[in-house]
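One-letter residues, chain by chain:
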Amino acid sequence: MWMHRRTSAASDWPVEKLLAAKGANLISVVLPARNEEETVGSIVAEIRRELVERVPLVDQIMVIDSCSTDGTAAVAAAAGAEVAAQDAILPHLPRMSGKGEALWKSLAVTRGDIIVFVDADLRSFTSSYVTGLLGPLLNDPEVGYVKGCYERPLITGSDRVEGGGGRVTELVARPLINLHWPLLAGVIQPLGGEYAGRRSLLERLPFVTGYGVELGLLLDVFQTAGLDALAQVDLGRRVHSHQSTQALGAMSSQILLTSWSRLQRHGRMMPLEAPATELTQFRRDAGGVGGHDVQVSDVQVDERPPMIGIPAYTDSRRSILS
Ligand SMILES: O=c1ccn([C@@H]2O[C@H](COP(=O)(O)OP(=O)(O)O)[C@@H](O)[C@H]2O)c(=O)[nH]1
Ligand SMILES: O=C(O)[C@@H](COP(=O)(O)O)O[C@H]1O[C@H](CO)[C@@H](O)[C@H](O)[C@H]1O
């Protein structure tokens, strides 16, 4: 089963093991950042301290300034990152927007043979996010793309709901994936913003702009390189700045548009199958696969015909009305 074969934990990939396996691979860490001055500096500083200065694992830290209007670029540079303004990369191309645009353009300003993507709004970042994601890529040439998975609390002000994070994941992306791409049902965090890939794969894939980028890449890696090119690593816990439910409505719409585009595109290559009717969900459980307990439920729906066609109904209506 894919999940058992391709799921590991960050602790499986100590930095010594990675240094021994690094070889000639150059490694770039990319942070897409739009107005993240509060958090981007500490993330860059941790990567620099632990994975550049302490050990020569990471070769480049690149912050893509995604049209920020705050001090993101200055804070990132002061912490030791290279900084590139999204719209200044490949400026001759028509301008596009959003997170996917920032990530696509990062390919044009990075040196890495392996690229690690890390959100810049994380409040729980540790360098083991990066070493965990690199593990399967440096260990197995068959792996081309690695997703992080983690416990995702929803922390708003003084409120904390364990497992309440990943709202678009749980309500939109996971059901969509289970119904239309059931072989990917074992991916614990399909939308998580921490993932890594080989440039030789990433440069051959389209990048959906906006917030469709994670779903688009996951589906296209699956379609292009196959399930076994995909791996996932339990990175522990992820705390980040949350958008409002209203804002996640727009994100959900972009996820739905991305899934439509892939259903159409894949549907042109082979007949669209009827949706599956099982939903696989995950609950943090230390003893489970990838640190999660797997729960599968049947979400099949049936259907009743119009009541008017039911003889007993029309008989009963007559007696009620007589
Ligand atoms: O146009 C954009 C939108 C978002 N981001 C970055 O992408 C990451 C994830 O975005 P966000 O926090 O808005 O999404 P969420 O984590 O709430 O799903 C963060 O580092 C953002 O700064 C970006 O670079 N450009
Ligand atoms: O996973 C999710 O449902 C969303 C929203 O997370 P929260 O409900 O704010 O914890 O966050 C992710 O989705 C975005 C779209 O793919 C990614 O770009 C973000 O990096 C990721 O945090």
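This report concerns the structure included in the present document. (Residues numbered from 1 in each chain as written. Chains lettered and ligands numbered in written order. Predicted model: local features only at pLDDT ≥ 70, side-chain atom pairs only at ≥ 80, totals over all residues. Heavy atoms only, no water.)

1. Points about the overall build of the protein
Looking only at helices and strands, the protein has 11 helices and 12 strands in total. In the protein, buried positions account for 50% of the 322 residues. Residue pairs at least 24 apart in sequence account for 73% of intrachain contacts in the protein once pairs closer than 6 positions are excluded. Total accessible area on the protein stands at roughly 15200 Å², and carbon and sulfur atoms take up 55% of it. Once the 31 positive and 37 negative side-chain charges of the protein are each reduced to a mean point, those two points are 3 Å apart. (Helix = DSSP H or I, 4+ residues; strand = E, 2+ residues; numbered from the N terminus. Buried < 20%, exposed > 50% of the residue type's maximum accessible area, 1.4 Å probe, protein only. Contact = heavy atoms within 4.5 Å. Areas by Shrake-Rupley, 256 points an atom, 1.4 Å probe, with all protein chains shown as cover. Lys, Arg positive; Asp, Glu negative; His and termini not counted. Charge placed at Lys NZ, Arg CZ, Asp CG, Glu CD.)

2. Considering the environment of T258
Within the secondary structure, T258 sits in helix 10 (residues 245-269). Relative accessible area serves as the criterion here: at 3%, T258 is assigned to the buried category. Along the sequence, T258 and Y211 sit 47 residues apart, while their C-alpha atoms lie 9.1 Å from each other. With residues near it in sequence (within four places) discarded, T258 still touches V208, G212, L215 and G216.

3. Some words on a nonpolar patch on the surface
The grouping of L90, L93 and W104 at the surface amounts to a nonpolar patch, some 220 Å² of accessible area in total. With respect to the helices and strands, the residue W104 is situated in helix 5 (residues 99-109). We classify W104 as partly exposed; its relative accessible area is 33%. (Patch = residues over 30% accessible without salt bridge, like charges linked within 9 Å, V, L, I, M, F, W, Y side chains within 5 Å. Salt bridge = Lys/Arg side-chain N within 4 Å of Asp/Glu carboxyl O.)

4. Notes on the site of ligand 1
Not every one of the 15 residues close to ligand 1 is listed here, only the nearest: P32, R34, E36, S66 and Y211. Within the backbone of A33, a nitrogen or oxygen atom sits 3.3 Å from an oxygen atom of ligand 1. A distance of 2.6 Å separates an oxygen atom of ligand 1 from a polar atom in the side chain of E36. Across the shell around ligand 1, the residue classes tally to 5 nonpolar, 5 polar and 5 charged. (Near = heavy atom within 4 Å. Polar contact = N/O pair within 3.5 Å; in protein donor to acceptor, adjacent residues only side chain to side chain. Nonpolar A, V, L, I, M, F, W, Y, C, P; charged D, E, K, R; others polar.)

5. Here's the deal with the sheet that holds strand 6 (residues 145-151)
With mixed pairing, the 8 strands of this open sheet are ordered in space as 1-10-6-9-5-2-3-4. Each edge of the sheet is formed by a strand with only one pairing partner; in this case those strands are strand 1 (7-9) and strand 4 (82-85). Geometrically, the sheet is characterised by an average inter-axis angle of 25° between neighbouring strands, direction not taken into account. Here strand 5 (residues 114-117) runs beside strand 9 (residues 195-198); their pairing, made up of 4 bridges, is antiparallel. Following the sheet pairing, V116 is matched in strand 9 by A196. Sheet strands in contact with helix 9 (residues 213-225) are strand 6, strand 9 and strand 10 (230-237), and its direction is about 130° off that of strand 6. (Pairing = 2+ DSSP bridges. Axes fitted to C-alpha atoms, helices over the stretch in contact; angles between N-to-C directions.)

6. Looking at the pattern of salt bridges
A complete count under the given rule lists 26 salt bridges for this structure. Taking the shortest distance from any N to any O, the salt bridge between R54 and E50 comes out at 2.7 Å. The class of E50 is buried, set by a relative accessible area of 18%. Among the ionic pairs, E214 bridges to K99, the shortest N-O distance being 2.6 Å. Here K99 lies in helix 5 and E214 lies in helix 9, a separation of 115 residues in the sequence. The pair E214 / K99 is uniform in exposure class, with both members buried.

7. Regarding unusual backbone geometry
In this structure, N35 takes a positive phi of about 55° despite not being glycine. Relative to the assigned elements, N35 resides in the loop between strand 2 (27-33) and helix 3 (40-53). In this structure N35 comes out as partly exposed when scored by relative accessible area, which is 33%. Of note in this structure, C67 is not a glycine but carries a positive phi near 60°. You can see C67 is positioned in the loop between strand 3 (60-65) and helix 4 (72-78). By relative accessible area, which is 44% here, C67 ends up partly exposed.

Just distances and angles here, no functional claims.
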